[in-house]
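This is what each chain is made of:
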Amino acid sequence: MGRYNPKTTEPKWQKIWAEKQVFKTDFDPEKPGFYILEMFPYPSGKIHLGHVRNYSMGDVIARYKKAKGFNVLHPMGWDAFGMPAENAAMQLGSHPAKVTYDNIAVMREQLQQMGLSIDWSREFATCDPDYYVHEQRLFLDFYAKGFVDRKKSYVNWDPVDNTVLANEQVIDGKGWRSGAPVERRELSQWFFKITDMAEDLLAAIDDGRLDGWPDNVRLMQKNWIGKSYGLKMTFPISGEPINGFSGIDVFTTRPDTLFGASFVGLSPDHPLVETLAATDPALADFVEECRKTGTTEEAIERAEKKGHRLSIEVEHPLIPGKKLSVWVANFILMQYGTGAVFACPAHDQRDLDFARKYDLPIIPVVLPPQEDPKTYTIDEDAYTGTGTLFNSEFLDGLSVDEALKKIIKHIENKGIGEGTTTWRLRDWGVSRQRYWGCPIPIIHCKTCGTLPVPAESLPVKLPENVDFSKPGNPLERHPTWKNTICPKCGKDAKRETDTFDTFVDSSWYFARFAGPSSDAPTNRKEVDYWLPVDQYIGGIEHAILHLLYARYFTRMMKACGHVGLDEPFKNLFTQGMVTHATYKSATGEWLFPEQVENRNGQWVEIDNGAPVTKGAIEKMSKSKKNVVSPEVIAETYGADAARWFVLSDSPPERDVEWTDSGVEGAWRLVNRIWDMAAGHTGLLDGLDVGQIDTLTGPGDKNLRRTTHQTIEGVSSDIENFRFNKAIARIYEFLGHIKKADEASKPALAEAYSALIRMIAPFTPHLAEECWQVLGGEGLVANAPWPSYNKDLLGSETIILPIQINGKKRAELEISPNLNREEVEALALSNNSVQRHIEGKEIRKFIIVPGRIINIVV
RNA sequence: GCCCCUGUGGCGGAAUUGGUAGACGCGCUGGAUUCAAAAUCCAGUUCUUUCGGGAGUGUCCGUUCGAGUCGGACCAGGGGCACCA
């Protein structure tokens, strides 16, 4: 037998799997279905290590479940709409469709070379009109059901390019191309009313529907939805009403601190502020200044706290005669609550920072335990903990919880406010002013208003001849595309030129896979059989947005009869990211890792020796160029070694920092297994796989015990996503097989048969080749998973560590079924134990059966 | 800033969830094989030591017979923050 050559072996088996349609899946109500799905990739051009890791994990599960007798659905498609293709069109002049489909062709080839057990017959891209026509149909259904809304919201506006920018395109508050300071601008946009379902999206997190999800993801979603109960109340404006406002409605989750109120703060986007700014140039300047912060919560929160005092004052609702100043503050978000707050600086850090800056009063009203009300003061830090109310009239002496209840009741009784539930979650804005997305099927008519495109006119296809020479939305400036006629009155009308957020595309693709050629958006019969996805796998970076939108979308689809369930993903596994250091040239451009090297401790560009700044270790992303291509590994060592390697070292949920070392080890393993198999040609000839497990032979107890222990361990490791541990076990098993010289042929056959079937999910090509050489029946891809016999797992003796005062001093090898007294006697007779307890009194004798002995002296 | 996560030898990591810290792999050292090399195989590898032992899981403090694991405070790194996907 020659050396193992993946270059010929891997394509050979891929061809055989394809010809025999081993991974093609059909609806079969007789068999239990198992739907495994990895988050589908954006076709960026080449697969990267994150993909290899993600799809290798999914493939292990898919092949394992198939071996366990499930009808496995393991599809693949492309999240194909999005900004990068449109940017490429602007920079290189190529059409987004061409760029996208070219990239898909390359990446499909690369994925196929990995030997994944995917049913390629179900493949689609979200930019296929055959896919997005159904997205438009779904939208019409949602529109009819009242799930869709049109309202104003803020976007990043580049005043030079006259275009809307994505958050990613805003760098230090400036447009990425123009360099102009970006403004926050209001625009009418389409929304899905996700807040209407906030209650159920939240409830499902804790009522068992998401029990198969990781706790941290559930917690993140819970915090994101952000249900909170508080008080909405009015602070009357002193004197005459201003511009029709007689009071300011504020929302607070800490009404217990009402007597510590120091001032009232308004968002720069608050309607009252807008009316005042019309006649107050200084205020208008301040508001404009605030709007330069951009739209992200992060930017607003991190910006230096700034305020502008208004000329109006409000009255404290419970303290007659007390007036509070009113400020516009840049950190107050219009989207949350009422866009106005009352501030209690003593018990809120942001309010405290603001109060210190503008010299506003600080009145503590919650006294921490063990503090004296006469001497208690607030220094650097606001006190946000629990305690006893003081300085608060009728609330004095109450706990925070009691005070919250009492004050809400009190305000409600006075009729100046009410207890209210608010949500952090905002409606989902789906409008994008871009070309490369699914057109929103809406028609604007001057007489009839806004109308949905009639279902029979779908799809609304993207025009192909578009102009990318300038920034802005090509659909908007296309000479003819937006011209249409009103479906109601027949007069000239305009198409909606916004396209969908790409999160819409990825919110239902999993349902489409269960019937990819259906005339309706979904094939109900197949959807009911396959869904929910039994195992969903993807990056932790999608923990909130994608997963929350998909959960909401599924509810909307259910309401329209397209699916029969609320929660699309039964079990979720979030893998860690593949990270790598970033490198920046002296001119501030990102560099690929292969462009730089370390010379005497200094990072330089290989081409010209120019100095390079090594930046943070971040998730691999094309925009920062800190990517390592898996091609080199696959070309040198083959797909199996690459798959084995990405799963072998790190626990799957953890981030991995990529290093080159270690691939060699995977390559060695491939060869080692091949050599072992090649040394036992025909070992499995004529043996029925199912029968091997019951064979017995003399003198090979140890080998059989190891074989069955390994089967048990590897099976549970795979079920629990502990691929690194499964692999470690296989390494140990290899060592045992090699040393089992005296084992009989049947025991050896059992070991080899189990070994090859256990490595098959990890290194499928190698497994097929070995299976063939050993004389296994059929394809290992179709072979059942090895089973183990519980009776063969146990060993005759166990090793019990002995501790004296919690420190290990000796070991005891005993039979596991000795009783307590016998163990105690054996322990005390041990030499090392005697030396350590000599002359001391035994105060406690702890025996944890099968675990440990601890003697306290 | 807010929410979530992570931290163990030279490196990636393991530890049955409170019970022998360092499985397995990488790297390194020594040996075998070879004309030589590659490949392969075998052995060793937390630090320290007067060879009895002592120290040790980011830092400090606590709970316990016993802490990598539980609690508190802190430090460092990563992810998300609604138009990157």
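For every chain, the first residue of its written sequence is number 1, and the numbers climb from 1 along that sequence. Written order determines the labels here, with chains lettered from A and ligands numbered from 1. Per-residue local features are limited, in this predicted model, to residues with pLDDT of at least 70; the limit for side-chain atom pairs, both in listing and counting, is 80 or more; totals at the level of whole chains, interfaces and linings are taken over all residues. Side-chain metrics rest on all non-hydrogen atoms present in the structure, leaving aside hydrogens and water.

## Some thoughts on the sheet that holds strand E34 (residues 844–848)
- In spatial order, the strands read E33-E32-E35-E34; together these four strands make up an open sheet with mixed pairing. Two strands lie at the open edges of the sheet, namely strand E33 (807–814) and E34, each paired on one side alone. With strand direction ignored, the average angle separating the axes of adjacent strands in the sheet is 20 degrees.
- Across five bridges, the pairing between E34 and strand E35 (residues 852–856) is antiparallel. Strand pairing is assigned whenever DSSP detects at least two bridges linking the two strands. What counts as a helix is a DSSP run of H or I of at least four residues, what counts as a strand is a run of E of at least two, and both are numbered from the N terminus. Throughout, an axis means a line fitted to C-alpha atoms (over the contacting stretch in the case of helices), and angles, computed between N-to-C directions, take values from 0 to 180 degrees.

## A short note on a positive patch on the surface
- Residues Lys807, Arg809, Arg835 and Lys840 make up a contiguous surface patch of positive charge.
- The topology assignment puts arginine 809 in strand E33.
- Buried, partly exposed and exposed residues are distinguished by accessible area as a fraction of the type maximum, computed with a 1.4 Å probe on protein chains only: under 20%, between the cut-offs, and over 50%, respectively. Residue classification places arginine 809 among the partly exposed residues on the basis of a relative accessible area of 35%. Excluding any residue in a salt bridge, patches collect residues exceeding 30% relative accessible area, merging like charges within 9 Å and nonpolar Val, Leu, Ile, Met, Phe, Trp and Tyr side chains within 5 Å. With residues, only the protein chains shown are counted as cover, and all accessible areas are computed by Shrake-Rupley using a 1.4 Å probe. Whenever a carboxyl oxygen of Asp or Glu lies within 4 Å of a side-chain nitrogen of Lys or Arg, that contact is scored as a salt bridge. We count Lys and Arg on the positive side and Asp and Glu on the negative side, and we leave His and both chain ends out. Charge positions come from single atoms, namely NZ of Lys, CZ of Arg, CG of Asp or CD of Glu.

## Thoughts on the packing of aromatic side chains
- A pair of aromatic rings is counted whenever rings of Phe, Tyr or Trp (Trp by its six-membered ring) have centres within 6.5 Å, and the orientation is called stacked for planes under 30 degrees apart, edge-to-face for over 60 and tilted otherwise. Enumeration according to the criterion identifies 47 aromatic pairs in this entry.
- Ring centres of tryptophan 428 and tyrosine 549 lie 3.9 Å apart, and the angle between their planes is 10 degrees; on these two criteria the pair is classed as stacked. Taken together, the residues span a long stretch of sequence, with tryptophan 428 in strand E17 (residues 428–429) and tyrosine 549 in helix H17 (residues 545–559) at a distance of 121 residues.
- Plain terms: the ring middles of tryptophan 428 and phenylalanine 553 are 6.4 Å apart, the flat faces sit at 65 degrees to each other, and that makes the pair edge-to-face. With tryptophan 428 in strand E17 and phenylalanine 553 in helix H17, this residue pair connects regions lying 125 residues apart in the sequence. This pair shows no difference in class: tryptophan 428 is buried, exactly as phenylalanine 553 is.
- Joined through ring pairs, the aromatic side chains of Phe139, Phe142, Tyr143, Phe147, Trp190, Phe192, Trp428, Phe500, Phe503, Tyr549, Tyr552 and Phe553 make up one cluster.
- By definition here, charges over rings are those cases where NZ of Lys or CZ of Arg is within 6 Å of the ring centre and within 35 degrees of the ring normal. Directly above the aromatic system of tryptophan 224 lies the positively charged group of arginine 424, at a separation of 4.4 Å from the ring centroid.
- One Lys or Arg, arginine 495, reaches over the ring of tryptophan 481 and ends 5.8 Å from the middle of that ring.

## Topic: the pairing of strand E1 (residues 33–38)
- Summarising burial for E1: five of the six residues are buried, a large majority.
- As paired elements, E1 and strand E2 (residues 71–73) share three bridges and run parallel to each other. When the sheet's bridge partners are listed, glycine 33 is paired in E2 with asparagine 71.
- Seen with its strands pointing away from the viewer, a crossover is right-handed when the path leading from the first strand over the helix to the second is clockwise. In this view, the connection linking E1 to its parallel neighbour E2 by way of helix H2 (residues 49–67) has right-handed handedness.
- Where E1 lies against strand E24 (residues 535–539), three bridges are found, and the strand directions are parallel. Within the sheet, the bridge partner assigned to leucine 37 lies in E24 and is tyrosine 536.

## A word on the packing of H2 against helix H22 (residues 701–719)
- Where H2 contacts H22, the axes come no closer than 10 Å and their chain directions differ by 125 degrees. Taken together, the axes of H2 and H22 lie oblique to each other. Where H2 crosses over H22, the handedness of that crossing is left-handed. The segment H2 lies against H22, with Val60, Ile61, Tyr64 and Lys65 engaging Ser715, Ile718 and Glu719.
- Broken down by class, the residue content of the contact of H2 with H22 amounts to four nonpolar, one polar and two charged. Reported orientations rely on four angle classes, namely roughly parallel under 35 degrees, roughly antiparallel over 145, roughly perpendicular from 65 to 115, and oblique for the rest. Each crossing gets its handedness from the near helix: less than a right angle anticlockwise from the far helix is left-handed, clockwise is right-handed. Here, residues are in contact when the closest pair of their heavy atoms is within 4.5 Å. Each residue is assigned to one of three groups, with Ala, Val, Leu, Ile, Met, Phe, Trp, Tyr, Cys and Pro labelled nonpolar, Asp, Glu, Lys and Arg labelled charged, and all others, Gly among them, labelled polar.

## Here we look at the pairing of strand E32 (residues 798–804)
- Extensive coverage of E32 is indicated by the burial of five of its seven residues.
- Pairing between E32 and E33: seven bridges, direction antiparallel. Paired with glutamine 803 across the two strands is lysine 808, which belongs to E33.
- Taking the residues that link successive antiparallel strands as the turn, the E32-E33 hairpin has two residues, and the phi of asparagine 805 there is positive, at about 50 degrees.

## What to know about the pattern of salt bridges
- Going through the model one piece at a time under the given rule, you end up with 40 salt bridges.
- The salt bridge involving arginine 254 is made with aspartate 256; its shortest N-O contact spans 3.0 Å.
- Using a relative accessible area of 21% as the deciding quantity, one classes arginine 254 as partly exposed.
- The closest approach of N and O atoms between arginine 291 and aspartate 269, which form a salt bridge, is 3.0 Å. Pair noted here: arginine 291 is in helix H9 (residues 281–291) and aspartate 269 is in the loop between strand E10 (263–266) and helix H8 (271–277), with a separation of 22 residues, a long-range link.
- Assessed through its relative accessible area of 9%, aspartate 269 is described here as buried.

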